[in-house]
Structures are given as structure tokens and as C-alpha cells.
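Observations on the model geometry
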Amino acid sequence: MPGINVLCLDETLSGQKRLLNRAQHLINLPNLKGVRYMLEKSKLQEIKNKLYLKMPGIVYIGSGDFHHFSKLIIEMTGKKPVLVLVDHHSDMFESPKEVITCGSWVRDLLKENKIEKCVIIGLNRKDYEFFRNSEYKKVFFIPEDLPQEVKIYYLMKELSDRNVPIYVSIDKDVLSKDYAATNWDQGTMTLEELLEIIEIIAGTKRLIGVDVCGEWKQVTGNFISVMLDEEKILKNEESNIRILDKLIKVW
């Protein structure tokens with residue numbers, strides 16, 4: 001059974017009691033400063049020392065503002081995997097050399113030769129058009145507007161090398177608003193389509209880690225806004241639990 005880790009860097013997961021009750025390792029670091037959106041590379045080892053993760057396993061990261069923590073987790077596996085990024089965004093933009101950001105961490109992994117290649121599935125077409133002629137030849141883009149069976153075909157083709165471990169990073173902004181509520185623009189994938197992708201990847205028997213982000217950041221306000229926040233949190237929790245149950249079943 002994979003390890004179940006919940007990383008609390010802010011309050012975005014605090015309302016998901018069902019998920020918190022399933023955690024084998026609950027890592028509370030809400031007072032970690034200077035890590036939202038980006039973090040200084042000089043602090044990477046210090047932060048890794050605080051992450052007591054049970055791997056191989058799944059790590060719930062919280063808000064997509066912290067998606068760059070995926071880079072740290074991949075490095076902590078000690079492997080050089082194929083990264084399957086299930087995301088509405090490529091996270092391949094440039095950033096200043098001294099930091100990694102939630103929009104650049106994939107590019108950093110590629111530049112540092114820490115992954116064999118990256119398969120990005122569910123990508124916003126605008127990101128695809130921007131990066132499809134990228135200098136990085138180890139990236140394969142599967143845009144969101146392709147039929148599910150075509151996405152699956154290309155994914156299986158890209159995972160055909162039986163000797164390479166696989167790491168999956170999921171940002172729930174890839175999902176339509178029926179299945180997730182995030183603070184970023186969202187895609188059109190259904191939860192059933194995402195679960196099918198997970199099952200196919202797990203079927204390779206080479207999965208070494210999964211992380212999930214894309215939680216809703218609550219806003220302080222009146223009674224109505226608090227009620228809307230609760231609805232969004234419960235929607236995300238339901239998707240998180242179903243992702244977890246699928247992984248436990250097929251891993």
C-alpha cells in the first residue's frame with residue numbers, strides 16, 4: 001500500500017477532515033516563510049529536511065501556489081523518473097536562476113537532467129502553442145481538447161519503456177469546475193477521465209510517487225462567502241478521496 005502524506009503549508013487542507021483522517025504522515029509547516037509561489041534554491045535542503053514523507057506514496061500538497069514542491073519530492077525519491085504532469089498548465093516558464101516557482105519547476109527539472117522526460121496531459125491549448133516548438137525535446141504535450149481515447153493512446157506510447165520509473169503530479173485545475181474548485185483557470189477533464197489515466201499509469205507497475213495540488217484558498221468575508229468556501233472545499237475533498245481510493249486499489 002502506498003504511503004499517504006498530507007503536507008499542510010497553509011490552511012487550504014485544514015477543512016478536509018476525511019482526507020486528514022486518512023493521512024499516515026501529516027506534516028504541518030504553516031509557518032514556513034517565503035515558499036508560496038516560489039522558493040530560494042539556497043533553502044532547498046533545509047526544506048527537504050522538514051519533509052518526512054512515506055514513499056513510494058502520494059503527497060497532498062495543498063494549493064497550486066505550492067506546486068514547485070513537486071520538484072523537491074521527485075528529488076527525494078532518489079530516482080530519475082518519467083514525469084507525468086496532469087495539469088492545465090505546463091509549469092515550464094523561465095524564472096530567475098536563484099529561485100524555483102510554481103510556474104517553472106518542470107523546466108528546472110529538465111534543465112538539471114533530473115527526469116527522463118515529461119508528459120503533460122490535459123494542457124491548455126494556449127500553453128501548448130507556446131511550448132510545442134520548445135528546445136526541450138524530452139517533453140510530450142497532450143492538449144486538453146483531444147478525445148480521451150487519443151490522450152490515452154499517446155500516454156501509453158510515451159510510457160512504453162519498461163525500465164523507467166514513473167512519477168505523477170496532478171494539479172486539480174486540470175479538472176472542470178464540476179469536480180474541483182481552484183484559484184487558477186481550469187480545464188475540462190472529468191474526474192472519471194483522470195481516474196482512468198491514474199489506473200493506466202499504475203498498471204505499468206513502475207509508479208514511485210504521486211502528488212496532488214489545486215486546493216481552494218479560502219477568503220475571509222461574510223457568511224455567504226464562507227458558505228461558498230465550504231462548498232468548494234467539500235468538492236475538492238471528494239475528488240481527493242476518490243483519487244486516493246483509486247491509487248490504493250490499483251497501485
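Higher on the page you've got the structure.
Here is a short report on the structure shown in this document. The model shown is predicted, which means the values in this text are computed figures rather than measured ones. (Residues numbered from 1 in each chain as written. Predicted model: local features only at pLDDT ≥ 70, side-chain atom pairs only at ≥ 80, totals over all residues. Heavy atoms only, no water.)

Regarding the pattern of salt bridges
A full pass over the atoms with the stated rule returns 17 salt bridges. Ionic pairing is found between Asp245 and Arg22, a salt bridge with its closest N-O pair at 2.8 Å. Here Arg22 lies in helix H1 (residues 17–22) and Asp245 lies in helix H8 (residues 223–250), a separation of 223 residues in the sequence. In this structure, Arg36 engages Asp65 in a salt bridge whose closest nitrogen and oxygen atoms are separated by 2.7 Å. Here Asp65 lies in the loop between strand E4 (57–62) and helix H3 (69–76) and Arg36 lies in the loop between strand E2 (25–28) and strand E3 (38–40), a separation of 29 residues in the sequence. (Salt bridge = Lys/Arg side-chain N within 4 Å of Asp/Glu carboxyl O. Helix = DSSP H or I, 4+ residues; strand = E, 2+ residues; numbered from the N terminus.)

Some thoughts on the sheet that holds E2
The eight strands are arranged E2-E1-E4-E10-E9-E5-E7-E8 in an open sheet whose pairing can be described as parallel. If you trace the sheet from one side to the other, it starts and ends with E2 and strand E8 (139–143), each paired once. Strand-to-strand twist in this sheet, taken as the mean axis angle between neighbours without regard to direction, amounts to 15°. Sheet analysis places strand E9 (residues 166–171) next to strand E10 (residues 207–213), joined by six bridges and oriented parallel. Each residue of the ladder has a partner; that of Asp171, found in E10, is Cys213. Running at roughly 160° to E4, H3 makes contact with strand E1 (3–8), E4, strand E5 (82–86), E9 and E10 of the sheet. (Pairing = 2+ DSSP bridges. Axes fitted to C-alpha atoms, helices over the stretch in contact; angles between N-to-C directions. Contact = heavy atoms within 4.5 Å.)

Here's the deal with helix H6 (residues 148–158)
Those residues of H6 lying buried are Gln148, Lys151, Ile152, Leu155 and Glu158. Seen end-on, H6 carries its buried residues on one side only, within an arc spanning 130°. The exposed set on the far side of H6, more than 90 degrees from its buried face, consists of Glu149 and Tyr153. For H6, the secondary structure elements touched by its buried residues are E5, strand E7 (117–123), E8 and helix H7 (191–202). (Buried < 20%, exposed > 50% of the residue type's maximum accessible area, 1.4 Å probe, protein only. Arc of directions from axis to C-beta.)

Remarks on unusual backbone geometry
In this model, Met55 is joined to Pro56 through a cis peptide bond whose omega is 0°. Mapped onto the elements of the fold, Pro56 is located in the loop between helix H2 (44–48) and E4. Of note, Asp91 is a non-glycine position whose phi angle comes to about 55°, a positive value. Examined against the element boundaries, Asp91 turns out to sit in the loop between E5 and strand E6 (99–101). Judged by its relative accessible area of 8%, Asp91 is buried. Although it is not a glycine, Lys205 sits at a positive phi angle of roughly 65°. With respect to the helices, strands and loops of the structure, Lys205 is situated in the loop between H7 and E10. Using a relative accessible area of 65% as the deciding quantity, one classes Lys205 as exposed.

Focus on H7
Its twelve residues place the ends of H7 16 Å apart at the C-alpha level, agreeing with the 16 Å of an ideal helix rising 1.5 Å per residue. Within H7, the full set of buried residues consists of Leu191, Leu194, Leu195, Ile197, Ile198, Ile201 and Ala202. Summarising the axial view, the buried residues of H7 lie within an arc of 155°, below the 170-degree limit, and thus occupy one face. (Expected span 1.5 Å × (residues − 1).)

Quick notes on the packing of H6 against H7
Running from N to C, H6 and H7 cross one another at 20°; their axes reach a closest spacing of 11 Å. The orientation of H6 relative to H7 falls into the category roughly parallel. Two packed elements cross with a definite hand, and for H6 against H7 that hand is right-handed. Contacts between H6 and H7 involve Gln148, Ile152, Leu155 and Met156 from the former and Glu193, Glu196, Ile197, Ile200 and Ile201 from the latter. Tallied by class, residues from the contact of H6 with H7 come to six nonpolar, one polar and two charged. (Parallel < 35°, antiparallel > 145°, perpendicular 65-115°, else oblique. Left-handed = near helix turned anticlockwise from the far one by under 90°. Nonpolar A, V, L, I, M, F, W, Y, C, P; charged D, E, K, R; others polar.)

What about the environment of Leu9?
Locating Leu9 in the fold gives a position in the loop between E1 and H1. Its relative accessible area of 4% is what places Leu9 among the buried residues. As a C-alpha pair, Leu9 and Leu29 span 20 residues in sequence and 5.0 Å in three-dimensional space. Leave out the neighbours within four places in its chain, and Leu9 touches Leu29, Pro30, Leu32, Ile61, Phe66 and Phe69.

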